[in-house]
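# Architecture and fold: a report
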Amino acid sequence: MSIIESHDIDDVELAVQQDRPLRPGRYRVSFALDGVDYSPIILDDPVPLGRQILKAAGINDIDGHSLFVISQESDFEDVRADEPVVLRDRLAHQFIAFSTDPLYRLKLDDSRIVWGQPSIPESVLRSLAGIDDDKAVFLEARGGTDKLIEVGTQVDLTAEGVERFITAKAKTSYFFFVNGQRYETEKKKLTGAQIKAMVPGWDETHDLALEGHGDEPDRTIGDDESISLDPKHGVRRFSSVPKANFG
């Protein structure tokens, strides 16, 4: 049996989830250094000092590191070297330390986050604040248009005014092609007239034709006909054809 799985070690996160006191013995918490790659560490005291937490993580340069405990509200709360942390009372099971300076402080919705690098990945923002997949992250622009943080990108925290992010329900987009050109919309269905209106310089002497799948023939789409863009129907491909020559 490894030390991490020993019967005399109580998992603080599990105790919090089960809403019970910590058992006597040693205590397992999660710790990350300069990122969100968490690993378990073992503490001998249910009320450790900040320096004891760092030493349990193998860090001896106490003064060269900043330690934070992440609250249930996803706030980063500073833990000084000589500050005691009552693990169970503070629901403290997740710690993160930074060896870098300066530190960047920002808000994501109601969460107060600290980061030790000049840029932060979108995936880390999402992880630190516990954001669901159905939400998107935006950089708040006071008096302007909020900027969507694209999946897989990083945010420069040194830029002027970078301090607050917000989330909103992610918008689902649907796409289709007209004459080989890709178009996107948030609407799951569009009429023939709406599709033609999205094509710059649409020739009104032409009809909109929907390409048939397999052996299905192409067919004309009327202005009032509604077409589903749901991916389960396959990619919708349209073309512009002269009215007199189609059919």
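Here the structure is a predicted model, which is why all the values come from computation and not from measurement. (Residues numbered from 1 in each chain as written. Predicted model: local features only at pLDDT ≥ 70, side-chain atom pairs only at ≥ 80, totals over all residues. Heavy atoms only, no water.)

### Overview of the overall build of the protein
Broken down by element type, the protein carries four helices and 20 strands. The globule rule puts the C-alpha radius of gyration for 247 residues at 18 Å, and the 27 Å found for the protein is more than 25% above it. Principal axes of the C-alpha set define a box for the protein whose edges measure 85 × 45 × 25 Å. Per-residue burial for the protein yields a buried fraction of 39% across its 247 residues. (Helix = DSSP H or I, 4+ residues; strand = E, 2+ residues; numbered from the N terminus. Rg over C-alpha atoms; globule rule 2.2 N^0.38 Å. Buried < 20%, exposed > 50% of the residue type's maximum accessible area, 1.4 Å probe, protein only.)

### Overview of the sheet that holds strand 17 (residues 206-210)
Strand order in the open sheet made by the five strands is 15-14-20-17-18, with mixed pairing throughout. The outermost strands of the open sheet, each flanked by one partner alone, are strand 15 (181-185) and strand 18 (219-221). Averaged over all pairs of adjacent strands, the angle between their axes in this sheet comes to 40°, without regard to strand direction. In this structure, strand 14 (residues 174-178) lies alongside strand 20 (residues 236-242), joined through three bridges in parallel fashion. Bridged to F177 within strand 20 is R237. (Pairing = 2+ DSSP bridges. Axes fitted to C-alpha atoms, helices over the stretch in contact; angles between N-to-C directions.)

### Re the packing of aromatic side chains
Summed over all chains, the structure comprises six aromatic pairs. Relative to F98, the ring of F68 lies with its centre 6.2 Å away and its plane at 65°, an arrangement referred to as edge-to-face. Placement of the pair is F68 in strand 4 (residues 66-70) and F98 in strand 6 (residues 94-98), with a sequence separation of 30 residues. Taken together, a centroid distance of 6.1 Å and an interplanar angle of 90° make the contact between F175 and F177 edge-to-face. The class for F177 is buried, based on a relative accessible area of 15%. Through pairs of rings, three or more aromatic residues link up here, namely F68, F76, F98 and W115. (Phe/Tyr/Trp six-rings, centres within 6.5 Å; stacked < 30°, edge-to-face > 60°.)

### Regarding the sheet that holds strand 7 (residues 104-108)
Adjacent strands of a sheet pair through backbone hydrogen bonds, lying either parallel or antiparallel. In space, the five strands of this open sheet follow the order 8-7-13-10-11, with mixed pairing throughout. Unpaired on one side and paired on the other, strand 8 (111-115) and strand 11 (147-148) mark the two borders of the sheet. Across five bridges, strand 10 (residues 135-139) lies against strand 13 (residues 164-169) in antiparallel orientation. Residue pairing for strand 13: L139 is matched across the bridge by F165.

### Details of the environment of D101
Secondary-structure assignment places D101 in the loop between strand 6 and strand 7. According to the relative accessible area criterion, D101 is exposed, its value standing at 72%. Once the C-alpha coordinates of D101 and W115 are considered, the two residues, 14 residues apart in sequence, prove to be 9.8 Å apart.

### Concerning the pattern of salt bridges
Inspection of the entire model under this criterion finds 17 salt bridges. One salt bridge in this structure joins E140 and R164, with 3.4 Å as the shortest N-O distance. Within this pair, whereas E140 is found in the loop between strand 10 and strand 11, its partner R164 is found in strand 13, the two being separated by 24 residues in sequence. Given the relative accessible area of 22%, R164 is considered partly exposed. Three or more residues joined by partner-sharing salt bridges are found here, namely E77, R80, E83 and R90. (Salt bridge = Lys/Arg side-chain N within 4 Å of Asp/Glu carboxyl O.)

### Some words on the pairing of strand 3 (residues 39-43)
Summarising the sheet, strand 2 (residues 26-33) and strand 3 pair through five bridges and their orientation is antiparallel. Each bridged residue has a counterpart across the sheet, and for F31 the counterpart in strand 3 is S39. Remark: five residues form the turn of the hairpin made by strand 2 and strand 3, two consecutive strands paired antiparallel; D34 in that turn has positive phi of roughly 55°.

### Points about the nonpolar core
F76, L125 and F165 are the most contacted members of the largest nonpolar core, which totals 24 residues. Not counting residues within four places of it along the chain, the set of residues in contact with F76 comprises F68, V69, I70, I96, F98, R112, I113, V114 and L128. Within the second largest apolar cluster, 21 residues are counted, among which are Y27, I41, I53 and L87. (Core = buried A, V, L, I, M, F, W, Y, C linked by side-chain atoms within 4.5 Å. Contact = heavy atoms within 4.5 Å.)

### Remarks on the UniProt feature "domain: Multi-ubiquitin" (unreviewed entry) in the protein
Within this numbering scheme, the UniProt entry marks residues 36-98, 104-169 and 176-238 as carrying the feature "domain: Multi-ubiquitin" (unreviewed entry). The span residues 36-98 shows a helical share of 11% and a strand share of 30%, and its end C-alpha atoms are spaced 11 Å apart. (UniProt positions renumbered as here; feature names shortened; annotations may be inferred.)

### Details of unusual backbone geometry
Following D101, the chain continues into P102 via a peptide bond in cis, with omega recorded as 10°. Phi angles above zero are rare outside glycine, and D34 is one such case at about 55°. Within the secondary structure, D34 sits in the loop between strand 2 and strand 3.

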